[in-house]
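# Observations on chain architecture
In case you want the letters, here they are:
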Amino acid sequence: SFSRHPNVGLVFSDADLIDEHGKSLNRRLWQHTLNKKGERDLRSGRAFEILLQCDVVTGATMAFRQWFREAILPFPTDIPLLHDGWSAVIIAAVSDIVSLRQCLIQYRVHERQCLGIQPFNQTRRAADLEHISRLTRRSGYYSNQIQKLEAIRQRLNVLSTFADARLPSTTLRARIRYVERLIDHFCTRGGLPSGKFSRAPLVLKEL
């Protein structure tokens, strides 16, 4: 993809899932991270919009052009987004991204992993969240999203000052505006009152 398409900045693939002993689980990574609609959206040129809200690129399956290191480093350490998600969304803002359906690696799933795909015999217990109200969970979700988007907006503003022909400045400015509108929307969503009737006018306005 890199050699044939100079506008492609990052590629990533699917993966075969295996257990801690290397035995196939007869499942693929994208069955848990990237559905058919998401794949179609990525292929239609909406990678940046998708990656802003869904972290679908697994670091072990991706490769990107060397010069993008300057764009993604340093990694922010105070936002709810890991290095692979950060790399993918920043690169998607200034280049094309290609998803490869081939399984190019084996992805190990085991009981003691801290991140990534959880073992199939583990489910998140609803009881863990029973003591937190739905309103509090919603506000926390939007607060995290806003924090992440603010970091992305700041990094894209820095990139827009680079005097480099490889960065499509008009596209980049449009994407910065998109992030700003999304931040405004999440601020409204996160600040919705608890009453259904009092929320209705704001919901209709955002719609």
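Everything numeric here is computed off the predicted structure, so don't read it as measured data.

Before going further, it helps to spend a moment on the overall build of the chain. Within the chain, the secondary structure is distributed over eight helices and four strands. Reading the helices (α) and strands (β) of the chain from amino to carboxyl end gives β-β-α-α-α-β-α-α-β-α-α-α. Sorting the 207 residues of the chain into buried and exposed places 35% on the buried side. Sequence-distant contacts, at least 24 apart, represent 70% of the contacts inside the chain between residues at least 6 apart. Roughly 12,900 Å² of accessible area belongs to the chain as shown, and the carbon and sulfur atoms make up 52% of that amount.

This part takes up the side chain of Arg155. Among the structural elements, Arg155 can be located in helix 6 (residues 134-159). Engagement of the side chain of Arg155 in a polar contact is seen with the backbone oxygen of Ile72, the distance being 3.0 Å.

As for its position among the elements, Pro74 is in the loop between helix 4 (69-72) and helix 5 (83-94). Its relative accessible area of 58% is what places Pro74 among the exposed residues. Sequence separation between Pro74 and Arg155 is 81 residues; the distance between their C-alpha atoms is 9.9 Å. Setting aside its immediate chain neighbours within four residues, Pro74 contacts Trp86 and Arg155.

On to the packing of helix 5 against helix 7 (residues 169-190), then. Where helix 5 contacts helix 7, the axes come no closer than 8 Å and their chain directions differ by 130°. Considering their axes alone, helix 5 and helix 7 lie oblique with respect to each other. Contact residues: Ala92, Ala93 and Val94 in helix 5; Thr171, Leu172 and Arg175 in helix 7. When the residues that make up the contact of helix 5 with helix 7 are grouped by side-chain class, the tally is four nonpolar, one polar and one charged.

With that settled, consider the pattern of salt bridges. As a working rule, side chains carrying opposite charge can pair if their charged atoms are close by. In this structure the tally under the stated criterion is six salt bridges. Taken together, the salt bridges that share partners define one network made up of Lys37, Asp41 and Arg46.

For the rest of this paragraph, the subject is the nonpolar core. Counting 40 residues, the largest nonpolar core has Phe12, Ile90 and Leu156 as its most contacted members. At the level of elements, strand 1 (8-18), helix 3 (47-53), helix 4, helix 5, helix 6 and helix 7 are the ones that each hand at least two residues to this core. Those residues in contact with Phe12, other than ones at most four positions away along the chain, are Trp30, Leu34, Leu42, Val56, Val57, Thr61, Met62, Ile97, Val98, Ser99 and Leu100. Formed by six residues, the second largest nonpolar core is a distinct cluster that contains Ala15, Leu29, Tyr107 and Ile117.

This brings us to the packing of aromatic side chains. Working definition: an aromatic ring pair is given by the centre-to-centre distance plus the angle between the planes. Tallied over the full model, the rule gives four aromatic pairs. Here Tyr141 and Tyr142 contribute two aromatic rings whose centre-to-centre distance is 5.0 Å and whose plane-to-plane angle is 70°, an arrangement assigned as edge-to-face. Taken together, the ring pairs in this structure connect Tyr141, Tyr142 and Phe186 into an aromatic cluster.

In this section: the confidence of the model for the chain. Of all residues in the chain, 84% have pLDDT values of 70 or greater, and the mean over the chain is 84. Considering each helix and strand of the chain separately, the mean pLDDT is smallest for helix 8 (residues 196-206), with a value of 72, and largest for strand 3 (residues 62-64), with 96.

Definitions and limits used
Residues numbered from 1 in each chain as written. Predicted model: local features only at pLDDT ≥ 70, side-chain atom pairs only at ≥ 80, totals over all residues. Heavy atoms only, no water. Helix = DSSP H or I, 4+ residues; strand = E, 2+ residues; numbered from the N terminus. Buried < 20%, exposed > 50% of the residue type's maximum accessible area, 1.4 Å probe, protein only. Contact = heavy atoms within 4.5 Å. Areas by Shrake-Rupley, 256 points an atom, 1.4 Å probe, with all protein chains shown as cover. Polar contact = N/O pair within 3.5 Å; in protein donor to acceptor, adjacent residues only side chain to side chain. Axes fitted to C-alpha atoms, helices over the stretch in contact; angles between N-to-C directions. Parallel < 35°, antiparallel > 145°, perpendicular 65-115°, else oblique. Nonpolar A, V, L, I, M, F, W, Y, C, P; charged D, E, K, R; others polar. Salt bridge = Lys/Arg side-chain N within 4 Å of Asp/Glu carboxyl O. Core = buried A, V, L, I, M, F, W, Y, C linked by side-chain atoms within 4.5 Å. Phe/Tyr/Trp six-rings, centres within 6.5 Å; stacked < 30°, edge-to-face > 60°. pLDDT = per-residue confidence, 0-100.

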